[in-house]
Amino acid sequence: MASRVLLLGLLAITCFITLASAQSLTPLQDFCVADLNSPVTVNGFICKDPKLVDANDFFFSGLNITGNTSNPFGSAITPVTVLQFPGLNTLGVAMGRFDYAPGGVIRPHTHPRATEIYTVIEGTTEVGFITNNSTNNHLFKKVLQKGDVFVFPQGLVHFHRNVGQGPAVSLFSFNSQNPGLIIIPPNLFGSEPLIPTEVLTKSFQVSKSVVAEIESQFKGMA
Ligand SMILES: *[C@@H]1O[C@H](CO)[C@@H](O)[C@H](O)[C@H]1NC(C)=O
Ligand SMILES: *[C@@H]1O[C@H](CO)[C@@H](O)[C@H](O)[C@H]1NC(C)=O
Ligand SMILES: *[C@@H]1O[C@H](CO)[C@@H](O)[C@H](O)[C@H]1NC(C)=O
Ligand SMILES: *[C@@H]1O[C@H](CO)[C@@H](O)[C@H](O)[C@H]1NC(C)=O
């Protein structure tokens, strides 16, 4: 009996340790440069052999480059997550740059795994996030000038747009090396295959033709 209790206890501890090792906020080694090409799939990326790691694994260059905003949204994202910068693996941080043409928009989106902190370094943007249903889908919105900082809480839908006369630039950081990105409009109206029309007509309380029209905007554009 006692040994069975001990065994169960050991099992529980083992499970706990396994879960803990999956957390990006509690790395179990100094670094674990991601091997992005490994066929082994774990919760994250496996580590490159530490003997083969060099300074370039902890270096990224390119946030000085203006993103190309010649697209229907008038904006560009330059992400610096573990996918672009393998040295971030297990460290629980990431960052990046947004460029906006005048009037440019970063569409409503969510990062399922991270809070985002955001600052304007050029121009003027308007940013906002929406709270959950039980707090009445309240919109928190603010116009930001150079040097202003805003935070988007983990998982909540948010957006930004350039409300100045010229181009705008902002920088952002995440408390995850792999924050995730779900862009709401193409997620709902440009999925492959499409969400059943009946789900969208009932959810949005509109006709099939309205759903079809929105869907047609996303053909071939993700
Ligand atoms: C950005 O920085 C890199 C390396 O520091 C440099 O080679 C490149 O010319 C710079 N590009 C621009 C557009 O400033
Ligand atoms: C910017 O993107 C547009 C559309 O993809 C492309 O036609 C144009 O050549 C790009 N400009 C630069 C400077 O890369
Ligand atoms: C909605 O957000 C409020 C404020 O953070 C929180 O107290 C509440 O638990 C949330 N409700 C749900 C259903 O997540
Ligand atoms: C969403 O919020 C509204 C208004 O507070 C409430 O009437 C409704 O029951 C909520 N829906 C769900 C699914 O929680």
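For clarity, every value in this text was computed on a predicted model and none was experimentally measured.

1. Topic: the overall build of the protein
Okay, so step 1: A tally of regular secondary structure across the protein gives four helices and ten strands.
Okay, so step 2: Order of helices (α) and strands (β) in the protein, N terminus to C terminus: α-β-β-β-β-β-β-β-β-β-β-α-α-α.
Okay, so step 3: Within the protein, the proportion of its 222 residues that are buried is 31%.
Okay, so step 4: Expressed as a percentage of contacts within the protein between residues at least 6 apart in sequence, the contacts between residues at least 24 apart total 69%.

2. Considerations on the state of the cysteines
Okay, so step 1: Taken as a whole and judged by the stated rule, the model has one disulfide.
Okay, so step 2: The disulfide bridge from Cys32 ends at Cys47, spanning 2.1 Å between sulfur atoms. When the S-S torsion is -105°, as for the bridge of Cys32 with Cys47, the disulfide is left-handed. A residue pair is termed long-range when its members are at least 10 positions apart, and Cys32 in the loop between α1 (2-21) and β1 (75-80) and Cys47 in the loop between α1 and β1 qualify at 15 residues.
Okay, so step 3: By relative accessible area, Cys32 is classed as buried at 2%.

3. Notes on the side chain of Ser176
Okay, so step 1: Relative to the helices and strands, Ser176 is located in the loop between β9 (168-174) and β10 (182-183).
Okay, so step 2: We classify Ser176 as buried; its relative accessible area is 6%.

4. Points about the site of ligand 3
Okay, so step 1: The environment of ligand 3 is made up of Asn132, Ser134 and Thr135.
Okay, so step 2: In the model, an oxygen atom of ligand 3 is placed 2.4 Å from a nitrogen or oxygen of the Asn132 side chain.
Okay, so step 3: Separating a nitrogen atom of ligand 3 from a side-chain N or O atom of Ser134 is a distance of 3.0 Å.
Okay, so step 4: About the coverage of ligand 3: the protein hides 25% of its 360 Å² of free accessible area.

5. Brief notes about the packing of aromatic side chains
Okay, so step 1: For the structure on display, the rule yields eleven aromatic pairs.
Okay, so step 2: Ring geometry for Phe31 and Phe58: centres 5.2 Å apart, planes at 75°, overall edge-to-face. Linking Phe31 in the loop between α1 and β1 with Phe58 in the loop between α1 and β1, this pair joins segments that are 27 residues apart in sequence.
Okay, so step 3: A relative accessible area of 40% means that Phe58 is categorised as partly exposed.
Okay, so step 4: With 6.1 Å between their ring centres and 40° between their planes, Phe98 and Tyr100 make a pair best called tilted.
Okay, so step 5: Exposure remark for Phe98: the relative accessible area of 3% places this residue in the buried category.
Okay, so step 6: By relative accessible area, which is 1% here, Tyr100 ends up buried.
Okay, so step 7: By the ring-pair criterion, three or more aromatic residues cluster together here, those being Phe98, Tyr100, Tyr118, Phe129, Phe140, Phe150, Phe152, Phe172 and Phe174.
Okay, so step 8: Between Arg107 and the ring centre of Phe73, over which it is positioned, the NZ or CZ distance is 3.7 Å.

Parameters at a glance
Residues numbered from 1 in each chain as written. Chains lettered and ligands numbered in written order. Predicted model: local features only at pLDDT ≥ 70, side-chain atom pairs only at ≥ 80, totals over all residues. Heavy atoms only, no water. Helix = DSSP H or I, 4+ residues; strand = E, 2+ residues; numbered from the N terminus. Buried < 20%, exposed > 50% of the residue type's maximum accessible area, 1.4 Å probe, protein only. Contact = heavy atoms within 4.5 Å. Disulfide = S-S within 2.5 Å. Near = heavy atom within 4 Å. Polar contact = N/O pair within 3.5 Å; in protein donor to acceptor, adjacent residues only side chain to side chain. Areas by Shrake-Rupley, 256 points an atom, 1.4 Å probe, with all protein chains shown as cover. Phe/Tyr/Trp six-rings, centres within 6.5 Å; stacked < 30°, edge-to-face > 60°. Lys NZ or Arg CZ within 6 Å of the ring centre and 35° of its normal.

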